[in-house]
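# Report on the structure
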Amino acid sequence: MNIHEKYIKRCIELAKNGLGTTYPNPMVGSVIVVDNTIIGEGWHKKAGEPHAEVNAINSVKDKLLLKQATIYVSLEPCSHFGKTPPCANLIVDNGIKNVVIGIVDSNSKVSGRGVAHLKNNGCNVEVGVLEKECYDLNKRFFTFHNKKRPFIILKWAETKDGFIDKIRDENSENTPNWISNEFSQQYVHKMRAEEQAILVGTNTALNDNPSLTVRSWSGENPVRIVLDRTLKIPTSYNLLNDGIKTIVFSEIKDIENTNDTVIFERIDFKNNVPEQICNVLYTHEIQSVIIEGGKLTLQSFIDANLWDEAYVFTGNVLFNKGLNAPVIKKSSSEIKNIENDLLTIYTNS
């Protein structure tokens, strides 16, 4: 690892502190170095608040050192006025002449303009250091801007004999049939805190009456998304009455809605449902979504090849009969033990 890679790696480490809190902005970290010594560092914490470069520059005690410094940043500095002034301008204004950038920003508002501004104002700029790692850091952001859809994570729990639920009937309780252990459940709440939205189908909503909130982890509750073709879900259910933003996909044309935290979106349930969902979520500027079920919903995204990662929790449980788990035809990229559960992670690449 060369010296530039060392400091971009530190930028990535810093940037990860913003996971789940920077939407719709990317996660960015920055360090400032003089004579192989870090004199300042920072990361972007929340949309509307100072960017990583601002926090790094502000952390430098002796600003005279900036004229001798190299600033490292995991993502191209912005060059436009948004909620905060352009970071490329700030770097120039502080006399920093050496800039090392992990990856260019694919957002059309930036996309090379930050690099051009720096070069046009006499900065020495190097781009493309640990580029893959910097892309992976902001895989949600890049997927949203490059593919015009959210980054899609599939998630389900299945028994050792391959079922995701027991057979339900009219006498079944509206509660989950737990498969995974409490540590896996906490892991899922951590995932919810890191992603912008979470989606379930009608049957999951009716059978489990879930809240889909972050309870076993600290963080923001995700936007809830539910498929409810004919509006079967009672308004008394958690998803529709607890004051958290929820998007409901339905085929009903005219819906009388008095709840300002519930948004209804109409789609055609006969054609390309996953693609329609992605298109609508893009208009809502949702950069990442966890698809939590049920089986038909999960399988529809798999069959449409509209997914990026899948997290499959296999619990130490047998149902003997029930609802079969979705089928994913990919080799696993990672396997983890969570006590007596097995987490298998798939990557669609």
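Reading the values: rules and limits
Residues numbered from 1 in each chain as written. Predicted model: local features only at pLDDT ≥ 70, side-chain atom pairs only at ≥ 80, totals over all residues. Heavy atoms only, no water. Phe/Tyr/Trp six-rings, centres within 6.5 Å; stacked < 30°, edge-to-face > 60°. Buried < 20%, exposed > 50% of the residue type's maximum accessible area, 1.4 Å probe, protein only. Helix = DSSP H or I, 4+ residues; strand = E, 2+ residues; numbered from the N terminus. Lys NZ or Arg CZ within 6 Å of the ring centre and 35° of its normal. Pairing = 2+ DSSP bridges. Axes fitted to C-alpha atoms, helices over the stretch in contact; angles between N-to-C directions. 1 Å grid on protein atoms, 1.4 Å probe; cavity = no way out; pocket = protein on both sides within 12 Å on 5 of 7 lines; lining within 4 Å. Points joined across faces, edges and corners; volume = space filled by probe spheres on them. Nonpolar A, V, L, I, M, F, W, Y, C, P; charged D, E, K, R; others polar. Domains from an automatic or database assignment. Contact = heavy atoms within 4.5 Å. UniProt positions renumbered as here; feature names shortened; annotations may be inferred. Buried area = accessible area lost by both parts, 1.4 Å probe.

## Things to note about the packing of aromatic side chains
Each aromatic ring pair is summarised here by two numbers: the centre-to-centre distance and the angle between the ring planes. If you walk through the whole model with that rule in mind, you get five aromatic pairs. An angle of 10 degrees between the planes, with centres 4.9 Å apart, marks the rings of Tyr135 and Phe142 as stacked. For Tyr135, a relative accessible area of 31% gives the class partly exposed. Exposure remark for Phe142: the relative accessible area of 2% places this residue in the buried category. When the ring of Phe144 is compared with that of Tyr282, the centres are 4.6 Å apart and the planes differ by 35 degrees; the resulting orientation is tilted. Highlighted residues: Phe144 in helix H6 (residues 139–147) and Tyr282 in helix H10 (residues 273–283), separated in sequence by 138 residues. An aromatic cluster is present here, built from Tyr135, Phe141 and Phe142 joined pairwise through their rings. Over the ring of Trp43 we find Lys45, and its NZ or CZ is 5.1 Å from the ring centre.

## A few points about the sheet that holds strand E9 (residues 223–227)
Sheet strands line up and pair through hydrogen bonds in the backbone, either parallel or antiparallel. Taking strand neighbours across the sheet as the criterion, the nine strands line up as E11-E10-E9-E8-E12-E6-E13-E16-E15 in an open arrangement whose pairing is mixed. Looking along the sheet, the strands with just one partner apiece sit at the ends: strand E11 (262–266) and strand E15 (332–338). Sheet twist, expressed as the mean angle between neighbouring strand axes with direction ignored, is 20 degrees. In terms of strand pairing, strand E8 (residues 197–200) meets strand E12 (residues 288–293) through four bridges, oriented parallel. The partner of Leu199 across the bridge, within E12, is Ile291.

## Topic: the layout of surface pockets
Its boundaries defined by the atoms lining it, the largest pocket holds a volume of some 1,200 Å³. Along the wall of the largest pocket there are 50 residues; nearest its centre are Thr204, Asp208, Glu292, Gly293 and Gly294. Of all elements in the fold, only strand E6 (151–158), strand E7 (163–165), helix H7 (182–194), helix H8 (202–208), H10, E12 and helix H11 (295–303) reach the threshold of two or more residues within the lining of the largest pocket. Along the lines of polarity and charge, the residues of the lining of the largest pocket split into 22 nonpolar, 16 polar and 12 charged. Taken as a whole, the second largest pocket holds about 830 Å³ of empty space. Considering the residues around the second largest pocket, the lining is formed by 31 residues, among which Asp136, Lys139, Arg140, Glu309 and Tyr311 are closest to the centre. Those elements that place two or more of their residues in the lining of the second largest pocket are helix H5 (131–137), H6, E6, H7, strand E13 (309–314), E15 and strand E16 (341–347). Per-element tally for the lining of the second largest pocket: the top contributor is H5, with five residues. When residues of the lining of the second largest pocket are assigned to domains, at least three map to each of domain 1 (3–140) and domain 2 (148–347).

## Quick notes on the side chain of His145
Along the chain, His145 turns up in helix H6. The residues touching His145, leaving out its near neighbours within four places in the chain, are Ser106 and Asn107.

## Considerations on the UniProt feature "active site" (unreviewed entry) in the protein chain
As annotated in UniProt, the feature "active site" (unreviewed entry) corresponds to Glu53 in the numbering used here. Ignoring any residue separated from it by four or fewer positions in sequence, one finds Glu53 in contact with Ser30, Ile71, Val73, Leu75, Pro77, Cys87, Leu90 and Ile91.

## A look at the domain arrangement of the protein chain
Domain boundaries assigned for the protein chain yield domain 1 (3–140) and domain 2 (148–347). Between the C-alpha centres of domain 1 and domain 2 the distance comes to 35 Å. If you look at the interface, domain 1 gives six residues, while domain 2 gives eight residues. For the pair domain 1 and domain 2, the two sides together bury roughly 820 Å², of which 49% comes from carbon and sulfur. The largest contributions to the domain 1 side of the interface with domain 2 come from Tyr23, Lys139 and Arg140, which together make up 63% of the buried area.

## Quick look at the UniProt feature "binding site: Zn(2+)" (unreviewed entry) in the protein chain
Those residues carrying the UniProt feature "binding site: Zn(2+)" (unreviewed entry) are His51, Cys78 and Cys87 in this numbering. In terms of the greatest pairwise C-alpha distance, the residues named above, spread along 37 residues, form a tight cluster of at most 9.1 Å across. Take His51: it is sitting in the loop between strand E2 (37–43) and helix H2 (52–58). Looking at Cys87, the relative accessible area reads 1%, which means it is buried. With sequence-adjacent residues up to four places away left out, Cys87 is seen in contact with His51, Glu53, Val54, Pro77 and Cys78.

## What to know about the environment of Gly95
Tracing the chain through its elements places Gly95 in the loop between helix H3 (87–93) and strand E4 (98–103). Distance in space between the C-alpha atoms of Gly95 and Ala69 is 8.9 Å, their sequence separation being 26 residues.

## Details of unusual backbone geometry
Each neighbour pair has its own omega, and for Tyr23 with Pro24 the value is 5 degrees, a cis peptide bond. Turning to its location among the elements, Pro24 is positioned in the loop between helix H1 (3–15) and strand E1 (29–34). With phi around 50 degrees, Asp35 is a residue other than glycine that occupies positive phi space. With respect to the helices, strands and loops of the structure, Asp35 is situated in the loop between E1 and E2. On the basis of relative accessibility, which here comes to 68%, the residue Asp35 falls in the exposed class.

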